[in-house]
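# Topology and contacts: notes
Spelled out, the chains give:
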Amino acid sequence: MANIMPISTESCKIGFIGAGKMAESIARGVINSGVFPASNVRTAHLGQRRTVFESFGTKVFDQNSQVVQDSDVVIFSVKPQVVKDVVLQLRPLLSEKQLLVSVVAGVKLKDLQEWAGHSRFIRVMPNTPAAVGVAASATKEDGELISKLFGAIGKVWTTQEKLFDAITGLSASGPAYIFLAIEALADGGVAAGLPRELSLGLASQMVLGAASMAVSTGKHPGQLKDDVASPGGTTIAGIHELEKAGFRGILMNAVVAAAKRGQELSKN
């Protein structure tokens, strides 16, 4: 990758290939945080998603080829089943002057680099509050740019690609498990007599506060749980019911099942 000039973060144009929920989440985070202005973000779509992206100032083209030609960083955010065809279709337009990024689950970096025809490719596995990245041959400047870009939506880790399927099962899929838990907790509040809106608000804020404590205190989650569960009290009674239902095992199985599905996708 000799003679490749670093991309200026001030003038950098970010292009999304794919205009789904993940691309929207990253684009909104980048714009709302002030990392990049809306005028520097672009995608392509002809349907309803076009209106969604235009609503927060993103430039929307009709064709993916236009996005590639007008972007310094190209983020592939499409379904795993179609990413090969999409990259191969755009390959004639891709150059090593551009930094390529994949947020596609289950698709390995070496395959992405082969399809694109060059190695300036970084693989990132984001969810709404965090992102994990790996790059086989990224420059220091490329790594800093990606940290700045995905740092707009939360904390960024760098790790080995062999861990990505497990990361998919835990971090990328995990928000859905928590949303399901919030919904169930809110339903429990309603069953106990709370109004629906109040119950959902309390459940959501409680999860937010608990996660904040787990991050900020440095205590093991088991210790935080013990701090709340007084002898013979209400909390330990609730925990007892969760343990009888196999709550921990269910969550562990969900992570493992999603990780296995990520492995399956990488073999297709």
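Computed from a predicted model, the values in this text were never measured in an experiment.

Rules used in this analysis
Residues numbered from 1 in each chain as written. Predicted model: local features only at pLDDT ≥ 70, side-chain atom pairs only at ≥ 80, totals over all residues. Heavy atoms only, no water. Axes fitted to C-alpha atoms, helices over the stretch in contact; angles between N-to-C directions. Helix = DSSP H or I, 4+ residues; strand = E, 2+ residues; numbered from the N terminus. Contact = heavy atoms within 4.5 Å. Nonpolar A, V, L, I, M, F, W, Y, C, P; charged D, E, K, R; others polar. Domains from an automatic or database assignment. Buried area = accessible area lost by both parts, 1.4 Å probe. Salt bridge = Lys/Arg side-chain N within 4 Å of Asp/Glu carboxyl O. Polar contact = N/O pair within 3.5 Å; in protein donor to acceptor, adjacent residues only side chain to side chain. UniProt positions renumbered as here; feature names shortened; annotations may be inferred. Phe/Tyr/Trp six-rings, centres within 6.5 Å; stacked < 30°, edge-to-face > 60°. Lys NZ or Arg CZ within 6 Å of the ring centre and 35° of its normal. Buried < 20%, exposed > 50% of the residue type's maximum accessible area, 1.4 Å probe, protein only. Parallel < 35°, antiparallel > 145°, perpendicular 65-115°, else oblique. Left-handed = near helix turned anticlockwise from the far one by under 90°.

Let us now look at the packing of helix α4 (residues 83–90) against helix α5 (residues 109–116). When two helices pack together, their arrangement is given by the angle between the helix axes and by the axis-to-axis distance. Following both chains from N to C, one finds α4 and α5 inclined at 35°, their axes separated by 8 Å at the closest point. For the pair α4 and α5, contact is made by Val83, Lys84, Val87 and Leu88 and by Leu112, Trp115 and Ala116, respectively. Its residues assigned to classes, the contact of α4 with α5 shows six nonpolar, no polar and one charged.

Within the secondary structure layout, threonine 58 lies in the loop between α2 (48–54) and β3 (59–61). Sequence-distant contacts of threonine 58, that is, excluding residues within four places in its chain, are made with Ile31, Ala38, Val41, Arg42, Thr43 and Phe53.

Its domain assignment divides the protein into domain 1 (14–161) and domain 2 (174–265). With centres defined by C-alpha atoms, the gap from domain 1 to domain 2 works out at 32 Å. Contacts between the two partners involve five residues from domain 1, matched on the other side by four residues from domain 2. For the pair domain 1 and domain 2, the summed buried surface comes to about 320 Å²; carbon and sulfur atoms form 67% of the total. Joining domain 1 to domain 2, the criterion identifies zero salt bridges. Taken together, the links from domain 1 to domain 2 amount to zero residue pairs in polar contact (both at pLDDT 80 or more). Looking at the side of domain 1 that touches domain 2, its residues break down into two nonpolar, three polar and no charged.

In this numbering, the UniProt entry assigns the feature "domain: Pyrroline-5-carboxylate reductase catalytic N-terminal" (unreviewed entry) to residues 13–106. Between the first and last C-alpha atoms of residues 13–106 the distance is 26 Å; the span itself is 35% helix and 20% strand.

What follows is about the packing of aromatic side chains. Between two aromatic rings, the relevant description is the distance of the centres plus the angle of the planes. A complete count under the given rule lists two aromatic pairs for this structure. For lysine 148, the ring lying beneath its charged end belongs to phenylalanine 36, and the centroid distance is 5.7 Å. The ring of tryptophan 157 has lysine 155 lying over it, and the distance from NZ or CZ to the ring centre is 5.3 Å.

Before going further, it helps to examine the side chain of arginine 120. Counting through the fold element by element, arginine 120 comes out in the loop between α5 and β6 (121–126). On the basis of relative accessibility, which here comes to 2%, the residue arginine 120 falls in the buried class. A distance of 2.8 Å separates a polar side-chain atom of arginine 120 from the backbone oxygen of glutamate 96. Polar contacts involving the side chain of arginine 120 include one to the side chain of aspartate 142, which spans 2.8 Å.

What follows is about the UniProt feature "binding site: NADP(+)" (unreviewed entry) in the protein. Within this structure's numbering, the places UniProt gives as "binding site: NADP(+)" (unreviewed entry) are Ile17, Gly18, Ala19, Gly20, Lys21 and Met22. Its location among the elements puts glycine 18 in the loop between β1 (14–17) and α1 (21–32). Contacts of glycine 18, omitting those with residues within four sequence positions, involve Ala23, Thr43, Asn64, Ser77 and Val78. Following the sequence through the fold, alanine 19 ends up in the loop between β1 and α1.

Attention now moves to the packing of helix α8 (residues 174–191) against helix α9 (residues 196–216). Contact geometry for α8 and α9: axes closest at 8 Å, N-to-C directions at 135°. It follows from the interaxial angle that α8 and α9 lie oblique. In terms of crossing hand, the pair formed by α8 and α9 is right-handed. Residues Ile178, Ile182, Leu185, Ala186, Asp187, Gly189 and Val190 of α8 lie in contact with α9, whose contacting residues are Arg196, Ser199, Leu200, Ala203, Ser204, Met206 and Val207. Taken together, the residues of the contact of α8 with α9 sort by class into nine nonpolar, three polar and two charged.

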